[in-house]
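One letter stands for each residue in the lines below.
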Amino acid sequence: MSELFDAVDALVASRSPLPPAEERKRLRVAHGLTLDEVAGALKVRRATVSGWESVKKPTEPRGPEREAYARLLRQLAELYPASGESTAPVPATFTGAPAAAEPRTLSTGEASEAAVMTATENTQAPAPVAAAPAAAPRPARTTRTSSTSRRPGAKKAAPAGTPAGGTDPRFENGPLAVVDVEDGKVLAYCTGGLVLDVPAKSIPALVDWTLREAKLGQPKLAGPGKDADPLIVLTEAALERYGLPVTLTEEEKHAGRIPEDHKVIKQLARAEWKLTKRGFGPWARIYRPATGSERACVQLCIPSWNALDTRHWGEAGQLPPAELARVLGVYASRVMTPRGSTAVTGLELMTALHPPTRASEPDADGKRHSEHNPGSLGKDAIDPMNWPPCEVPDGHPVLKDLPRFHVRGPAEKLFEEAYDWARPMTDAECTLRFLVGIDVNMAFAAGANGLNVGLGEATHIKAPAFDPRLPGSWLVDLSHVDLSRVKVGKEWVELDGSLLPSPFTPKGERPEGPAWYATPTVAYAVELGYEMRPLEAWVRYDNGRYLDGWYNRLRDAYLAAMADLGVHADMEPADFLAAMDGYKARDPELAIVVSAIKATVKGGLGKLRERPRGEGWRPGEPWRALSRPTWRPDIRAAVISRTRINLHRKIVKHAAFTGQYPVAILSDCVVYAADGTSPLDFLPYREGKPLPGGFKLGINPGLVKHEGTQTVLWGEEVRERFNAPELNLARYIKDGTVTDVDNGE
């Protein structure tokens, strides 16, 4: 009989009712779960769960997966009902101004009822992506209560991953606060609309308050890592209140700090607080030496001192405190708490996801010790004199014996950079009406994804056999590679090589003789069907996919921000182009976050080869960045190499299939001549499917979006005006404005 009952139960379970696909996604996002986490729990693929949530083409789970999935959704539905004012979800698409969240003012003497923030994560599974909270306005004077302020009567279910507080009670008020002064009162605007009264009368007291009472910070991103220090952003009013200048003098801007004899620095010294070597500047770090596992450190951010570079953060520094807290809070919850510029944060994110050390297994006495964390770059920088001469920039200590004005050529220097190439248009292209630019989304992040890079020092070998699995630098002659006849997949194809850039040089020129190349570049030459015989190489036998977690974190942050702006990953090409049109205007604050995320990618990779920055440096002497384990120009070169090769591979596939060739390329932007104004007028789509391995419209990293369209007449007129038949039109395709002769900068 029990077998019959089991059969009946199984039959019922196989038809367990499920909510609509839209509701399934809402419930998952409301609980801060990623597709990977749900897939892992149900033992299915990520794409399978994505299909269950697809609104346009939903699939249905079957068998035991359906029962388990239904159980998950039922439990989430109890936590996050679909209706009711206190549990209204954040809409996936913002179609107008963000809704105002009710501001809350709490005394720091009480624990706040804060919303759920991103939980800790490891390098294999990126953190759950938070839904962006609505902007919270500056509270009116009547909405604020005294230091014995009220608490919300009932705990509200926050929108998924709202970056205001978290599951860790130490950081329940979120990762950061913007400190401002209103009507003589010092207030700390946290994420999620929370406002705290600040009793501190000085900067040292503010640091003490932040560490003891504010409950600010962020859990570590990886198991052996460290929690993020709290971030305090000081407005101009707060600077005046605490005796700091609202703006820096020209001398202070040049130095990047205020003078050591400033009264606030003296106050900190008397209170036994220390500053890092960079002093009290736009991103000051105030700390006391760690005692055991306890850290005492607060990061300051001062927008009026240009802490938030307008090239990356737009007008964030001019936002009111609550709106600024929202922008920085969304960035912190999805990427990490800012540690400085977007470039610095991008580099710090690498370390946070791959900490250099970990605790060992207990020894005979039961004690643990610090040991190297496998897969990381370690805690010690590579000795400057052990660097391969071909991989370092000019002025490096390993090159100190070179003649003073010696210029290294391709056979002495690894030169992997992004494309800057253009050519004159053909007669046939001049008969077309438009020039259409397409841009690769997060191109350098996509180049880092799955890339095998060196972790330790390089080994020098002579006449090696090329191994595409071995990261390093190879001295090899690629001048014999003929782009007019190459392999595309398994087939040899004939192309017009004169209309294609070389994949091996940034300017697209055909190489002449041996030169140094990163592994992805040489591997592509082999892929095109040509034999390689390197003369020598610097290779790294200790290697791994160091940047995978970094890529996943930034990819998820970017896709979540774009989804909040109405651009989703599963859109049809025409719908995607329509959604991208004017997406920034839907929520300008979230558009700032998108800009900062993209700058974090490029800046973090650029920091891997940071150059000297004044400080009395002379060629041949070491500079500060060389003391970092993350000074790794070889990794930067490998990512740029792979990014350029990825782009060239798509260009070749497109040319082989359509007979169309690019007119200009600048980094990740490619310009084609076409009869229409849209990318759909020249990208080959059949029944909604793109050319395999070619360009595909979409928001995911590696896919392309519309960069801009100008007329062919505009392009010819601009080149004629500046007497530059090879002017790179990709540089100006976005808005058509050309202010000066193209100088390549």
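Our subject in this report is the structure included herewith.

Conventions used here
- Residues numbered from 1 in each chain as written.
- Predicted model: local features only at pLDDT ≥ 70, side-chain atom pairs only at ≥ 80, totals over all residues.
- Heavy atoms only, no water.
- Phe/Tyr/Trp six-rings, centres within 6.5 Å; stacked < 30°, edge-to-face > 60°.
- Buried < 20%, exposed > 50% of the residue type's maximum accessible area, 1.4 Å probe, protein only.
- Helix = DSSP H or I, 4+ residues; strand = E, 2+ residues; numbered from the N terminus.
- Contact = heavy atoms within 4.5 Å.
- Core = buried A, V, L, I, M, F, W, Y, C linked by side-chain atoms within 4.5 Å.
- Pairing = 2+ DSSP bridges.
- Axes fitted to C-alpha atoms, helices over the stretch in contact; angles between N-to-C directions.
- Salt bridge = Lys/Arg side-chain N within 4 Å of Asp/Glu carboxyl O.

1. Some points on the packing of aromatic side chains
Counted under the stated rule, the structure contains 11 aromatic pairs. Between the aromatic rings of Phe466 and Trp474, the centroid separation amounts to 4.9 Å while the plane-to-plane angle is 70 degrees, which identifies the pairing as edge-to-face. Judged by its relative accessible area of 16%, Phe466 is buried. Taken together, a centroid distance of 6.0 Å and an interplanar angle of 85 degrees make the contact between Trp623 and Trp631 edge-to-face. For Trp631, a relative accessible area of 2% translates into the label buried.

2. With respect to helix H2 (residues 21-30)
Owing to its 3.6 residues per turn, the α-helix brings residues three or four apart onto one side. Residues of H2 that are buried include every one of Ala21, Arg24, Arg26, Leu27, Arg28 and Ala30, and no others. Structurally, H2 contributes buried residues whose contacts are with helix H3 (35-42), helix H4 (46-53) and helix H5 (63-79). Trailing H2 by a residue or two, Gly32 shows a phi angle of about 75 degrees, which is positive.

3. Re the nonpolar core
With 114 residues, the main nonpolar core has Trp313, Val486, Trp550, Met562, Ile597 and Phe695 as its most contacted residues. Looking at which element gives the most residues to this core, the answer is helix H19 (residues 633-658), with 9 residues. Excluding its chain neighbours within four sequence positions, the residues that come into contact with Trp550 are Gly346, Leu349, Met350, Leu353, Ala448, Thr600, Val601 and Leu605. Grouped together as the second largest cluster of nonpolar side chains are 36 residues, Ala188, Ile203, Leu206 and Phe280 included.

4. A look at the side chain of Thr342
Position of Thr342 relative to the elements: it lies in helix H12 (residues 342-353). Since its relative accessible area comes to 3%, Thr342 is described here as buried. Ignoring sequence-local partners within four residues, the contact set of Thr342 consists of His312, Trp313, Ala596, Ala599 and Thr600.

5. Regarding the sheet that holds strand S15 (residues 472-477)
Taken in spatial order, the 4 strands make up an open sheet running S14-S19-S15-S18, and their pairing is antiparallel. Each end of this open sheet is capped by a strand with a single partner; those strands are strand S14 (459-462) and strand S18 (514-518). Taking each pair of neighbouring strands and ignoring which way they run, the sheet shows an average axis angle of 20 degrees. Pairing analysis gives 4 bridges linking S14 to strand S19 (residues 536-539), with the strands arranged antiparallel. By the bridge assignment for S19, His460 is matched with Trp538.

6. A closer look at the pattern of salt bridges
Tallying each qualifying case throughout the model produces 39 salt bridges. Of the charged contacts, one joins Arg533 and Glu531 as a salt bridge, the two residues approaching to 3.2 Å between their closest N and O atoms. A residue is classified by how much of its surface remains accessible, and Arg533, at 63% relative accessible area, is exposed. For Glu531, a relative accessible area of 53% translates into the label exposed. Beyond isolated ion pairs, a larger network of salt bridges with shared partners links Glu391, Arg540, Arg632 and Asp634.

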